[in-house]
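Each chain, written out:
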Amino acid sequence: MRGSKESVVIIGGGIIGLGIGWQLAKSGCEVTIYERDRAGRAASWAAAGMLAPIAEVHFEERELLELGSASLRLYPEWVRELESDTQMSVGFRQEGTLIVGVDRDDAGLLQHFFDSQRLLGLNAEWLTGAEARDIEPLLSPQITAAISCEDDHQVDNRLMVSALMTAFRIAGGTLSEGTPVSKIEVQNGKARGVRIKDRLHEADVIVLAAGCWSADIEGLPDPIAPPVRPVKGQMMALQMEAGITTQKVIRTPRAKYNTNAYLVPKANGRLIVGATSEEMGFDTRLTAGGLFELLRSAWEAVPGIYDLPVLETWAGLRPGSRDNAPILGKTSVENLIMATGHYRNGILLTPVTAREISSLILTGVSTQAIAPFPLSRFQIG
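K.L.:
I keep staring at the packing of aromatic side chains and nothing clicks. Help me out?
P.N.:
To describe a pair of aromatic rings, one takes the distance between the centres and the angle between the planes. Scanning the entire structure with this criterion turns up 4 aromatic pairs. Taking 5.0 Å as the distance between ring centres and 80 degrees as the angle between the ring planes, the aromatic pair formed by Trp22 and Trp78 counts as edge-to-face. Of this pair, Trp22 sits in helix α1 (residues 15-26) while Trp78 sits in helix α3 (residues 62-86), and the two are 56 residues apart along the sequence. Taking 5.6 Å as the distance between ring centres and 55 degrees as the angle between the ring planes, the aromatic pair formed by Phe114 and Trp126 counts as tilted. Of this pair, Phe114 sits in helix α4 (residues 104-119) while Trp126 sits in strand β5 (residues 125-128), and the two are 12 residues apart along the sequence.

Here's what the structure looks like:
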């Protein structure tokens, strides 16, 4: 163990940085989080809170599936600890997910996806349209087939952001919002600290967890700059009303539109509808076309949403790496650790990322869970 009084600077106050900071502060470290804007108000706030390693699995991403599944197994304990420390709810729900097909083409797409799930040994069940409507009566009569993923859950990501901020401060951490890090100071292959305007904050360990801004921090040699980019996602929230409510997360991949919309009900009556996936740089403007595509796909699956009030619309920026998997662990710069590039899985991967990165800092050891995701996989030579 390197010492319980390790001084740690975390660059980025999203849910990943906050989760790591909370665990380290509880272990006795002196932890400061520097957030360029408001903590937890970027990708963490914009997300829908789905914990869906099964519903989002791709056959070629077995290692990411294993990481997501490991994190999902940690979630009940993570939630109990966080809610106990803060006396705040994070809206953890375990009703599962329905993936529905509106027409014959969608059913074919679902069948292919279901075959992949079964080959991977996942807990998924094939349903007819009628069986799916028995579970969620608001589903369209046009639904031809569905997959039930009972092991996928959800959390209210905005509540979890607020709880993590509170837990981090209770544990003795320092959260500095509106304070961008201009540079990571590296000397002789070792990270010494971070520069805040003209001030150098020295620390034993630097954790880069700045989401899609991670590559913009100066001071790192080019091979060490993480290949992370912003991927825009437009979303909206509707207000569920009496007789127009759902319990499960509903996903509706539409073959003819090449979209994959979802509806995520929250305990406070909000129904989150998302999300586009656009390579538009740091552009967060809402577009008529983006919102139209979301509403069309959601309405075709659940026609009753037509009459629901729109509460909010927004766009967030997911941090996508070159292979859309996270970048975790040590780098060739001594004392510099990466925890970025979580793309669509930041909320899901928060517990495992926090536990693994904290263990790495406190003991120098992490498990095999994050071994497939080093920065070095992108480096040549």
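K.L.:
Looking at this structure, how should I read the sheet that holds strand β9 (residues 183-187)?
P.N.:
To summarise the sheet geometry, strands pair through backbone hydrogen bonds and adopt either a parallel or an antiparallel arrangement. Taken in spatial order, the 3 strands make up an open sheet running β9-β10-β11, and their pairing is antiparallel. The sheet is open, and its two edges are formed by β9 and β11 (199-202), each paired on a single side. This sheet shows a mean twist of 35 degrees between the axes of neighbouring strands, independent of strand direction. Both strand β10 (residues 190-196) and β11 contribute to a ladder of 4 bridges, which runs antiparallel. Within β11, the position partnered with Arg195 by the bridge is Leu200.

K.L.:
I tried to follow the nonpolar core on my own but got confused; where do I start?
P.N.:
Nonpolar side chains in soluble globular proteins tend to be buried together. Judged by nonpolar contacts, the single largest core of 51 residues is most densely connected at Ile20, Tyr75, Trp78, Leu82, Met160 and Val207. Looking at this core, the elements that each hand over two or more residues are β1 (7-11), α1, β2 (30-34), α3, α6 (157-170), β12 (205-208), β19 (336-340) and α8 (350-363). Leaving out residues up to four positions away in the same chain, Val207 has contacts with Val8, Val9, Ile10, Ile11, Ile20, Ile337, Ala339 and Ile361. Counting 25 residues, the second-largest nonpolar core is a separate cluster that includes Met50, Val57, Leu65 and Ala275.

K.L.:
Please clarify how the pattern of salt bridges should be interpreted in this entry.
P.N.:
Between side chains of opposite charge, a pair can form when the charged atoms approach closely. Applying the stated criterion across every chain yields a total of 18 salt bridges. Lys26 is paired through a salt bridge with Glu81; the nearest N and O atoms lie 2.8 Å apart. Of this pair, Lys26 sits in helix α1 while Glu81 sits in helix α3, placing them 55 residues apart in sequence. One salt bridge in this structure joins Glu150 and Lys248, with 2.8 Å as the shortest N-O distance. Here the residue Glu150 occupies a position in the loop between β6 (145-149) and β7 (153-154), and Lys248 occupies one in the loop between β13 (228-239) and β14 (249-254), the gap between them amounting to 98 residues. On the accessibility criterion, Lys248 (9% relative accessible area) is buried. Through salt bridges that share partners, Lys26, Glu77, Glu81, Asp85 and Arg355 make up one connected network.

Rules used in this analysis
Residues numbered from 1 in each chain as written. Predicted model: local features only at pLDDT ≥ 70, side-chain atom pairs only at ≥ 80, totals over all residues. Heavy atoms only, no water. Phe/Tyr/Trp six-rings, centres within 6.5 Å; stacked < 30°, edge-to-face > 60°. Helix = DSSP H or I, 4+ residues; strand = E, 2+ residues; numbered from the N terminus. Pairing = 2+ DSSP bridges. Axes fitted to C-alpha atoms, helices over the stretch in contact; angles between N-to-C directions. Core = buried A, V, L, I, M, F, W, Y, C linked by side-chain atoms within 4.5 Å. Buried < 20%, exposed > 50% of the residue type's maximum accessible area, 1.4 Å probe, protein only. Contact = heavy atoms within 4.5 Å. Salt bridge = Lys/Arg side-chain N within 4 Å of Asp/Glu carboxyl O.

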